[in-house]
Amino acid sequence: MADPVRSGVVRHLARVYDEFHTARASTHLVAQLYAQAMGEDYPEEITPSSSCDWPLIATLIRQLKLRPNQRLLDLGCGTGGIGLWLARALHTHLTGIDISPQAVRLATQNQTDFLPPNRAAFRTATLDHTGLPDQHANGAVCIDAFTKALNPTAALREFHRVLRPGARIILTTAGRRPDTTPRWPGRAAAAGLELEDVEERPSEPAMWRRVYRLWLDHEDDLRRHVGAVQAQFMVAEARRTLPTLADRRAVVVTLRRPADGDRAPYATA
Ligand SMILES: C[S@@+](CC[C@H](N)C(=O)[O-])C[C@H]1O[C@@H](n2cnc3c(N)ncnc32)[C@H](O)[C@@H]1O
């Protein structure tokens, strides 16, 4: 039976993210500021609402190891650009999920710029309850969304459930120095996954510093373009996060569901 508290939280977050995506889709200004902050690393066609840049896309391609016609998942897909770009480049099928129905609508509209209708589908769901069949995907990405999971432990178990044996999920996350990764082998193993790789993104904090300074410099423009409420959220995020960036450590984590016949990650002999 559905938990009424959880359902209320999901409905609330869906509304919050709907407003976020509606505001950002109504203007080019936010994308222009990301482009200015990222310079030539900005993946213009993807229009991410995140730290996604060309070096990250290169890491995703390298780590996913997908073959044509396999199935890719984009978890917390936002308006879909990352998954759509990857699915077109790698000739895979794509399923994107996001908590926000508005993100799903925008991703579905964006699909026609990248892929024929039968090669991608977007649905409203959460990271810990994707609604997808067991062993659905040959690979998955989760970009700047994992930290927003309602229940991160349940989300990792869900990732294990929807991945085929041998498939990988690549997710971005960040924490404070000295290190945010020692917990990952244990967290992964508890969900039946193995930690295959952790790659630091040393230039990510400086990129956010440039983004946030631009938001503060353009506060009045943002108010006109995204509305007073969203502009206030952006300015508050910038003021809150800027002082923490000095010891931020951003990483790309690759987790793999062991292939049938692999030794279990916790095996002792
Ligand atoms: C920072 S945005 C990143 C979007 C996209 N991955 C990108 O890089 O452009 C985070 C996304 O996660 C979605 N989200 C937040 N909480 C979620 C949850 N519990 N389950 C699924 N999606 C969630 C938001 O609606 C938003 O689209």
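Residues numbered from 1 in each chain as written. Predicted model: local features only at pLDDT ≥ 70, side-chain atom pairs only at ≥ 80, totals over all residues.

Participant: Which parts of the structure should I look at to understand the pairing of strand β5 (residues 163-176)?
Facilitator: When a strand is regular, its side chains alternate between the sheet's two faces. Relative to β5, strand β4 (residues 137-142) is paired through 5 bridges, and the arrangement is parallel. When the sheet's bridge partners are listed, V141 is paired in β5 with I170. The β-α-β motif built from β4, the intervening helix α6 (residues 152-162) and the parallel element β5 has right-handed crossover chirality. When β5 meets strand β7 (residues 248-256), the two strands line up antiparallel, connected through 9 bridges. Opposite L171, over in β7, you have V253 as the bridge partner. (Pairing = 2+ DSSP bridges. Helix = DSSP H or I, 4+ residues; strand = E, 2+ residues; numbered from the N terminus. Right-handed = clockwise from strand over helix to strand, strands pointing away.)

Participant: Any chance you could explain the packing of helix α2 (residues 29-38) against helix α8 (residues 204-217) here in plain terms?
Facilitator: Each pair of packed helices can be summarised by the angle the axes make with each other and by the distance between the axes. Two elements in contact, α2 and α8, have axes separated by 9 Å at closest approach and are oriented at 135°. When the interaxial angle is binned, α2 and α8 end up oblique. Seen along the crossing, α2 lies across α8 with a hand that is right-handed. Of the residues in α8, those in contact with L33, Y34, Q36, A37 and M38 of α2 are M207, R210, V211, L214 and W215. Of the residues that constitute the contact of α2 with α8, the class distribution is 8 nonpolar, 1 polar and 1 charged. (Axes fitted to C-alpha atoms, helices over the stretch in contact; angles between N-to-C directions. Parallel < 35°, antiparallel > 145°, perpendicular 65-115°, else oblique. Left-handed = near helix turned anticlockwise from the far one by under 90°. Contact = placed C-beta atoms within 7 Å. Nonpolar A, V, L, I, M, F, W, Y, C, P; charged D, E, K, R; others polar.)

Participant: How should the site of the ligand be read in this particular structure?
Facilitator: Lining the immediate surroundings of the ligand are 22 residues, of which Y17, S50, G76, G78 and K148 lie closest. A class-by-class count of the residues in the shell around the ligand yields 13 nonpolar, 6 polar and 3 charged. (Near = placed C-beta within 6 Å.)

Participant: Any chance you could explain the sheet that holds strand β3 (residues 120-124) here in plain terms?
Facilitator: Pairing between the strands of a sheet is mediated by backbone hydrogen bonds and can be parallel or antiparallel. Strand order in the open sheet formed by 7 strands is β3-β2-β1-β4-β5-β7-β6, and the pairing between neighbours is mixed. The open sheet is flanked by β3 and β6 (194-200), the only strands paired with a single partner. Neighbour-to-neighbour, the strand axes of the sheet open up by a mean angle of 15°, direction not taken into account. As judged from the 3 bridges shared by strand β1 (residues 71-75) and β4, these two strands associate in the parallel manner. Bridge assignment links D74 to a residue of β4, and that residue is V141. Sheet strands touched by helix α3 (residues 54-64): β4, β5, β6 and β7. Its angle to β5, the strand with the most contacts, is close to 150°.

Participant: How do you make sense of the nonpolar core when you look at a structure like this?
Facilitator: Generally speaking, a soluble globular protein has its nonpolar side chains buried in company with each other. Counting 51 residues, the largest nonpolar core has L72, L75, A140, C142, F159 and I169 as the members making the most contacts within it. Here L75 is in contact with I97, L127, A140, C142 and A145, once residues within four sequence places are set aside. (Core = buried A, V, L, I, M, F, W, Y, C linked by C-beta atoms within 7 Å. Buried ≥ 20, exposed ≤ 12 C-beta atoms within 10 Å, placed from the backbone.)

Participant: Quick question: what am I supposed to make of the environment of E237 here?
Facilitator: Looking at the element boundaries, E237 is found in helix α10 (residues 228-241). For E237, a count of 14 C-beta atoms within 10 Å corresponds to the partly exposed category. For E237 and W215, which are 22 residues apart along the polypeptide, the C-alpha to C-alpha distance reads 9.7 Å.

Participant: Explain α8 here, please?
Facilitator: In an α-helix, one turn spans 3.6 residues; hence positions three or four apart end up facing the same way. With 14 residues, α8 extends 20 Å between its outermost C-alpha atoms, agreeing within 8% with the 20 Å of an ideal straight helix rising 1.5 Å per residue. For α8, the full list of buried residues reads E204, M207, W208, V211, Y212 and W215. For α8, the arc enclosing every buried residue in end-on projection is 130°, short of the 170-degree limit, so these residues lie on one face. For α8, the exposed residues lying more than 90 degrees away from the buried face are A206 and D217. (Expected span 1.5 Å × (residues − 1). Arc of directions from axis to C-beta.)

Participant: Just to check I follow, could you spell out the packing of helix α9 (residues 219-226) against α10 for this structure?
Facilitator: Contact geometry for α9 and α10: axes closest at 7 Å, N-to-C directions at 140°. One way to sum up the angle between α9 and α10 is to call them oblique. Classified by chirality, the crossing of α10 by α9 is right-handed. Note on element contacts: α10 touches α9 through A228, Q230, A231, M234 and V235, opposite E219, L222, R223 and V226. In terms of residue class, the contact of α9 with α10 is built from 6 nonpolar, 1 polar and 2 charged.

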